Amino acid sequence: MLASLLPGLALIASAPVLPPFGFLVFISWRQLRPGLLPIWAGLPLGIFDDLFSGQPFGSAVLLFSAAAIALDMIEARLPWRNFLTEWLVAIGLIIVYTALGLALANLDGAATPLRVTWPQIVISILAYPLVGRFVALADRFRLTPFLEIR
């Protein structure tokens, strides 16, 4: 949820430049720990992302849920993965997410061509390994046992 707030805090721009961090973190968690987030987790995370992204309400819910279903299908087909396959899957999901997000915004009244989103797509693709590394660090912290001292 905090990742969904990041693009709005750092920069105000007339064109999309910052990656959709909420979606990138969602993909990273689903790829790192496939069974951790249930398939319906796209609904509440998408609602939260819709509230702060400026997209038409329901677009992130649809796209997060579709990405969760796609990742589950890919997980069933490819149980053995490596960094390259996960990055290629993430690249495909990022491109589809950005293009469909733009299409849904255009249906709602925007008139933006697809070429405007290419910088955001490229930055998102290049930022994905860093986001994945951060998610792995957060997951390692989550799994660290804490000792209570009395």
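From a predicted model like this one, the values you see are computed outputs, not experimental measurements.

Asks: Describe the overall build of the protein, listing the residues and the values that go with them.
Replies: From N to C terminus, the protein includes 6 helices and 0 strands. Listing the helices and strands of the protein from first to last along the sequence gives α-α-α-α-α-α. Taking 2.2 N^0.38 as the reference for a compact globule, 150 residues should give roughly 15 Å; the C-alpha atoms of the protein span a radius of gyration of 16 Å, in line with that estimate. Taken over the C-alpha atoms alone, the protein extends approximately 60 × 40 × 25 Å along its principal axes. Every one of the 150 residues in the protein was classed for burial, and the buried ones make up 33%. Sequence-distant contacts, at least 24 apart, represent 65% of the contacts inside the protein between residues at least 6 apart. On the protein, roughly 9,400 Å² of surface is accessible, and the fraction owed to carbon and sulfur atoms is 72%. Between the centroid of the 9 positive side chains of the protein and the centroid of its 8 negative side chains there is a distance of 8 Å.

Asks: Provide a residue-level description of the pattern of salt bridges, including the pertinent values.
Replies: In the structure shown here, the tally under the stated rule is 5 salt bridges. Note that D72 is salt-bridged to R30, the shortest N-O span being 2.5 Å. Of this pair, D72 sits in helix α4 (residues 59-77) while R30 sits in helix α2 (residues 21-32), and the two are 42 residues apart along the sequence. The residue R81 makes a salt bridge to E75 at a minimum N-O spacing of 2.4 Å. In this structure R81 comes out as partly exposed when scored by relative accessible area, which is 31%. We classify E75 as partly exposed; its relative accessible area is 25%.

Asks: Go over the packing of aromatic side chains with me, naming the residues and quoting the values.
Replies: Using the criterion set out here, one finds 6 aromatic pairs in the structure. Judged by centre distance (5.2 Å) and plane angle (20 degrees), the rings of F26 and F64 are stacked. With F26 in helix α2 and F64 in helix α4, the pair connects residues that are 38 residues apart, well separated along the chain. Residue classification places F26 among the buried residues on the basis of a relative accessible area of 3%. F64 sits in the buried class, given a relative accessible area of 1%.

Asks: Would you mind going over the side chain of Q120 in detail, with residue names and values included?
Replies: By the element assignment, Q120 lies in helix α6 (residues 118-143). Look at Q120 and you get buried, because its relative accessible area is 12%. Not counting the four nearest positions on each side in its chain, Q120 is found in contact with P16, V17, L18, P19, P20 and T98.

Asks: Summarise a nonpolar patch on the surface; cite the residues concerned and give the values.
Replies: Judged by side-chain polarity, L43, I47, L51, F52 and F57 come together as a nonpolar surface patch covering roughly 520 Å² of accessible area. One can find F57 in the loop between α3 (42-53) and α4. A relative accessible area of 58% places F57 in the exposed class.

About the cut-offs
Here the residue numbering is sequential within each chain, running from 1 through the sequence in written order. Restriction of local features to residues with pLDDT of at least 70 applies here, the model being predicted, together with a cutoff of 80 or more for giving and counting side-chain atom pairs; totals for whole chains, interfaces and linings are based on all residues. Excluding hydrogens and water, the side-chain values take into account all heavy atoms of the structure. Numbering of helices and strands runs from the N terminus, with a helix taken as a DSSP run of H or I at least four residues long and a strand as a DSSP run of E at least two residues long. The globule rule used here is 2.2 Å times the number of residues to the 0.38 power, and the radius of gyration it is set against is calculated over C-alpha atoms. Burial classes: relative accessible area under 20% of the type maximum marks a residue as buried, over 50% as exposed, and values in between as partly exposed (1.4 Å probe, protein chains only). It only takes one pair of heavy atoms within 4.5 Å for two residues to be counted as in contact. Values of accessible area rely on a 1.4 Å probe in the Shrake-Rupley scheme; residue burial ignores everything except the protein chains shown. In this tally, Asp and Glu contribute negative charge and Lys and Arg positive charge; neither His nor the terminal groups of the chain are included. By convention, the charge on Lys lies at NZ, on Arg at CZ, on Asp at CG and on Glu at CD. For this analysis, a salt bridge means a side-chain nitrogen from Lys or Arg found within 4 Å of a carboxyl oxygen belonging to Asp or Glu. Side-chain rings of Phe, Tyr and Trp (the six-membered ring for Trp) are treated as a pair once their centres are within 6.5 Å; stacked means planes under 30 degrees apart, edge-to-face means over 60, and tilted covers the remaining angles. Patch building starts from residues that exceed 30% relative accessible area and form no salt bridge, then joins like charges within 9 Å and nonpolar side chains (Val, Leu, Ile, Met, Phe, Trp, Tyr) within 5 Å.

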